[in-house]
Every structure is written in C-alpha cells, then in structure tokens.
Amino acid sequence: MKKLFAILLAVLMTATMFVGCGGSSGNEGETGEKDDGVIRIWVGEESADFYQKKCDEYTAAHPEFGYKIEVKGMDTGSVAGTITQDPTAAADIFTVAHDNIGKLAATQCAKPITDETLIAQVLADNPESFQKVIYSNTNGQTYLYGVPYISQALLLYYNKSMVTEEQAKSFEGLREAAQAAGTKAITVTGDDGFNMSFALLARKVSDHSTTVKIYEGADPAAGGSKGECNCQGDDTVAVYRWLQTYAADPNGFKWPSSDGWDADLDKNNLGALAVIGGAWHYNTAKAALGETNLGITLIPTFELTPESVEGLSSVSAGDVFRGGSFADCKCFMINAYSAGSKYAKEQELLMYLSGKEVQNASYLECMNVPAYVGAADFIKQCFEEGKVTESQYNLAATQVSMAEWGIPQPFVTGTLNTYYYSKNAPAVLRAIIDQTAYPTTGDILVQDTTSLEGVRKALYLVEYLWMHGVAPKEFPASLPDKA
C-alpha cells in the first residue's frame, strides 16, 4: 500500500513531465500527431481477433467512450525493436514481454500509467514477482509502465508414444526412453539466454534453493544500480558439469538441428523425444507430434553425479535439481507518441482488457495463461467443466506450476537486458556445455571448459559480462570471486 501511495503522489507532482514524450493535454502528441478518433492496439498474432471482438463489445456497451478501436496482430517478440526504431509509426497501445519495459521507458517510447484506479487494480491483481518488474525510472522518479495480462514460462513437450509419464519426470528417464528409441532425449528451441534458462535457473528440489542471482535488487532510481549478480556457486558449477556429461551422451541433450527443433521432434524424424519450450510453441509441437502423442509436463529433474560434484563442497552426489525457467508476464504499454487527448481513454481501456474477466476469456479462446493471482483455480475449473482439452489444460497448469521454479526476467533497465543477452554471456554458457574454447571481447580467452577450473573461469566471465558488458582484462588469482 505504501508503494501505491508513493506512486500516486509522484504522478500528481510530475504529470506535466510527460508532455515531452507525447503526453500533451491537447489533441496532439509532441510529434504533432492529430487525434484521429482511433485507438490502435498491437497484441500477439494469435490473439488479434479475440481482442478486436472484446474491444467492439466494450465500445458498443460504452458509447460515451468516443473512440473506434483497431486491433492488429504482431510478433510480440520483435515489437520492442520495431517501436524503438520508429515509435511514431507504432500503435497507441502495444504488447511486449516485461523485460522490454526498462528499454522502452528509457528511450522515451512509453508513457507511465497514471490512472489511480488502474494502478490499484494492477497492484491488487498481480503477484509480487510481477509487481517488481513493471516499473521503470523517468527523471529520477519511479513509475508503473506495464500492465500485465498474460503469464508464461518454459515447460516440457514430449512424445507420449515413446516416453512414459514417469520417464518424462526426469532427465534420466528421458535418456532411458531415448536409448530404447535410438535417438536423443531432449532438445531446446534456441541457445539464447532465455531458452537456456532451464540450466542456469535450476533449483534444488528439496528446498527450491539456488545461489544464482541476476541483477537482484537492481534499482533504476538509485543511480542506475545493477543490483547483485552471482553465477559462481558450487550448485551452478555442478549443474553445468552435469549438463556437459548429459550433452556428450549419445542419448542425452542436443542442440536443435538446422531444420529446427520441430523437425527434431517430428514423429517421423525422431531426432529427439522432448523439447523445452514455451506456450507459444504449443501449436508447432502439436503439429510435429499430433495432439494424441503430445505430452506436457514440468521441466524434468536430474540427479547430480559424483563426477559433477568432484572438488565441490556445497553440493553432493545424489542431490536432485529441477530445471528452472524465467516466469514472465506480457504487458500492455502506452506509446509515448500517442496523442495526449487519448491518454485517459487508453488507461480506461487497459483496465478493461487486463481485468480478470477478459483474461479468463482470453485463456478459453486463445490459450493465453492469465497473469493474475489465483488463475490456477479458474484453469482447473475450465478443465473439470470440459471447456478445454487435456493438453490445453496441461499447457496452462504446467506454466503456472513452473512459476514456482523460476523468476521473472529482472531487467528493469535496457542496459541490464543488453548486458544479459547481447554481450556474449549466452555464448560462453554454450561453450561450457559443448566443452569448447570461447574467445570473448577483450583480452580474455576461455581455453578450457572441461576442468573444474575452466568451468569456474567461464562462469566468472559470464557474471562479469552481466555486470560490466565487457570482458575483464584478467581472471582473479582464485575463484570464486566477486565479478
């Protein structure tokens, strides 16, 4: 509640600040754009027809709203880049994954949420984990920029015709099935820092613990504070050493082939029996396997081996971990270059579109998992009432359950997003898994990723890149060490 009061006070004191980013009180934005009586919205391609229908229902029920609404489907993964290139050509309201909020706020491509009722709804409906990542800083003040309405996390799709439900619960079980089938157990949809978060964010099953910290406590209002990072704990070292062995196994892990992960999963190719992916991969996975053969479950567990813990003191052979995930939200944001006279109506519309009723309907029609607290009860009710199929229910319920094993992407500024994804850290992590050398920017060359020292150096390098965006000049005399 204190946070809410602080936000509202800041909004009232500095509302005039946002005229410079398109929020004029007249009929034009800063760019001179006229208010043409239309509010344009970008959502995911799979949801465009649904949200157009809902907007038409809203304007029909509220003739005083005064605006026509046009909804367009977009690739939400690339929307942020499109907007930063030319925000004047973007929609008035757009959908992005929350990790883009800091970037869009910092580049003055978005307006903050100022409507008190909408702010109160966002804070009342959403889990604390989402509330931590929907703010950003403008001119020394912290504001709410994103309105969550979809949640998402990684999970496992597997071939039910060749993998039993019990085998799908563990990486060891998947390997057993792969040995019988003469193929690989599992693949991924990409080698980037998101799709490979299953290894980085793996947690000990007994207590859900991990020593990994990624920009923990980062505060854009505190002089660009990056918070705290840690990628050098014994558990992280052991997990990557375990994955090295699993990737080297002829029936273990594989990277997606040049034809794509869906070709690997295809029942006629049998390149792999399972894939770690997100809800946005559901239709492709279903096409590859057929709905009858499509199994969906949590990212599996795995057991640390004596080889993976050799030389380490904080982990033991037999410790069981579960693969983790970034558990994120997709958000509505308001374009800074939208005509200022639309501002109040845009926020009124967002309160409707992000409300529980519309989120529930979006799940039933588009399989978008709701973001609000308690959505799991509604999802279960839908299955019990026969409103969704078993695989559709599993898709949603598993994502909700995977949230217990992950964190939202903690990139509260554009810099943190860039340092995590675009400064070679994902490539270094892949080099560890592949046990190959990896030259990175600067003077550092990771020549050995096979020994304990080599893995420690590589993980130090990853942490350093997260914090500084460039490689260090040299490694510390002993590791682990603060990067």
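Scroll up to find the structure.
Residues numbered from 1 in each chain as written. Predicted model: local features only at pLDDT ≥ 70, side-chain atom pairs only at ≥ 80, totals over all residues. Heavy atoms only, no water.

Side note on the overall build of the protein chain
The criterion, for reference: Secondary structure is summarised from DSSP: a helix means a run of H or I of at least four residues, a strand means a run of E of at least two, and numbering begins at the N terminus for each. Computation of the radius of gyration draws on C-alpha atoms alone. For the globule rule, the value is 2.2 Å times the number of residues to the power 0.38. When accessible area is computed with a 1.4 Å probe and restricted to protein chains, residues below 20% of their type maximum are described as buried, those above 50% as exposed, and intermediate ones as partly exposed. Any two residues whose heavy atoms approach within 4.5 Å are treated as being in contact. Values of accessible area rely on a 1.4 Å probe in the Shrake-Rupley scheme; residue burial ignores everything except the protein chains shown. When charges are tallied, Lys and Arg are placed among the positive residues and Asp and Glu among the negative ones, while His and the ends of the chain are skipped. Positions of charges follow a simple convention, taking NZ of Lys, CZ of Arg, CG of Asp or CD of Glu.
When helices and strands are counted, the protein chain shows 19 helices and 21 strands. Taken over C-alpha atoms, the radius of gyration comes to 23 Å for the protein chain, in line with the 23 Å a tight globule of 483 residues would show. Principal-axis analysis of the C-alpha atoms places the extent of the protein chain at approximately 70 × 55 × 40 Å. For the protein chain, the residues scored as buried account for 57% of the 483 residues in total. Contacts in the protein chain between residues at least 24 apart in sequence constitute 73% of all its contacts with a sequence separation of at least 6. Accessible surface, the protein chain: about 19,200 Å² in total, of which carbon and sulfur atoms supply 48%. For the protein chain, the distance from the average position of its 36 positive side-chain charges to the average position of its 59 negative side-chain charges is 1 Å.

Section: the pattern of salt bridges
The condition is simple: A pairing counts as a salt bridge when a side-chain nitrogen of Lys or Arg comes within 4 Å of a carboxyl oxygen of Asp or Glu.
If you walk through the whole model with that rule in mind, you get 17 salt bridges. A salt bridge links Glu70 to Lys68; the nearest nitrogen and oxygen atoms lie 3.6 Å apart. Glu70 sits in the partly exposed class, given a relative accessible area of 31%. The exposure class assigned to Lys68 is exposed, which follows from its relative accessible area of 51%. Of the charged contacts, one joins Lys387 and Glu385 as a salt bridge, the two residues approaching to 3.0 Å between their closest N and O atoms. Judged by its relative accessible area of 48%, Lys387 is partly exposed. When salt bridges that share partners are traced, they join Asp36, Arg40, Lys68, Glu70, Asp92 and Lys342 into one network.

Remarks on the packing of helix H2 (residues 48-61) against helix H14 (residues 356-366)
Formally: Axis definition: a line fitted to C-alpha atoms, limited for helices to the stretch in contact. Angles are taken between N-to-C directions and run from 0 to 180 degrees. By the definition used in this description, the sense in which the near helix is turned from the far one sets the handedness, with an anticlockwise turn below a right angle giving left-handed and a clockwise turn giving right-handed.
Viewed as axis vectors pointing N to C, H2 and H14 meet at an angle of 140°, and their least axial separation amounts to 10 Å. Here H2 and H14 pass one another in a crossing that is right-handed. Within the contact between the two elements, H2 uses Phe50, Tyr51, Lys53 and Lys54 and H14 uses Val358, Ala361, Ser362, Glu365 and Cys366.

Considerations on the sheet that holds strand S9 (residues 187-188)
To be explicit about the condition: In this analysis, strands are considered paired if DSSP registers two or more bridges between them.
One open sheet holds the four strands; their spatial order is S9-S13-S8-S14, and the pairing between them is mixed. Here the strands that pair on one side only, and so sit at the sheet edges, are S9 and strand S14 (294-297). Pairing of strand S8 (residues 155-159) with strand S13 (residues 274-277) involves four bridges; the strand directions are antiparallel. Note on S13: the bridge partner recorded for Leu156 is Ile276. Along the sheet face, helix H16 (residues 390-402) touches S8 and S14 and points at about 25° away from the line of S14.

Quick look at the sheet that holds strand S15 (residues 301-303)
Strand order in this open sheet of three strands is S10-S16-S15, and the pairing throughout is antiparallel. Where the open sheet ends on each side, the last strands, each with one partner, are strand S10 (203-204) and S15. The pairing of S15 with strand S16 (residues 320-322) spans three bridges and is classified as antiparallel. When the bridges of S16 are listed, Glu303 appears paired with Val320.

Concerning the packing of aromatic side chains
Aromatic ring pairs are defined here through the distance separating the ring centres and the angle between the ring planes. Stated formally: Aromatic rings from Phe, Tyr and Trp, taking only the six-membered ring of Trp, are treated as a pair when their centres fall within 6.5 Å; an angle between ring planes under 30 degrees marks them as stacked, one over 60 as edge-to-face, and anything in between as tilted.
Summed over all chains, the structure comprises 29 aromatic pairs. With a centroid separation of 4.5 Å and an interplanar angle of 15°, the aromatic rings of Phe383 and Tyr393 are classed as stacked. Taken as a pair, Phe383 in helix H15 (residues 375-384) and Tyr393 in helix H16 lie far apart in primary sequence, ten residues in all. With relative accessibility at 32%, the residue Phe383 sits in the partly exposed group.

Description of helix H19 (residues 452-468)
The condition is simple: One fewer than the residue count of a helix, multiplied by 1.5 Å, yields its expected span.
In this model, H19 (17 residues) spans 24 Å end to end at C-alpha, consistent with the 24 Å of a helix rising 1.5 Å per residue. When you tally the buried positions in H19, you get 13 out of 17 residues, the bulk of the element. Residue Gly469 follows H19 closely and has a positive phi angle near 80°.

Here we look at the nonpolar core
Here is the rule: Take the buried Ala, Val, Leu, Ile, Met, Phe, Trp, Tyr and Cys residues and link them wherever side-chain atoms come within 4.5 Å; each set so joined is a nonpolar core.
If you look at the biggest cluster of nonpolar residues, it comprises 76 residues, and the most contacted ones within it are Ile186, Phe198, Ile214, Tyr215, Phe253 and Trp466. Those residues within four positions of Trp466 in sequence are excluded, and the remaining contacts are Leu200, Lys213, Ile214, Tyr215, Cys229, Asn230, Cys231, Tyr419, Tyr420 and Ala425. Listed in part, the 54 residues of the second largest apolar core include Trp42, Val43, Val79 and Leu118.

Overview of the environment of Tyr421
Tracing the backbone through its elements, the reader meets Tyr421 in helix H17 (residues 414-422). Taking the C-alpha atoms as reference points, Tyr421 and Asp192, 229 residues apart in sequence, are found 7.3 Å from one another. Residues in contact with Tyr421, not counting those within four places in the same chain, are Asp99, Gly193, Phe194, Phe326, Gln409, Phe411 and Pro426.

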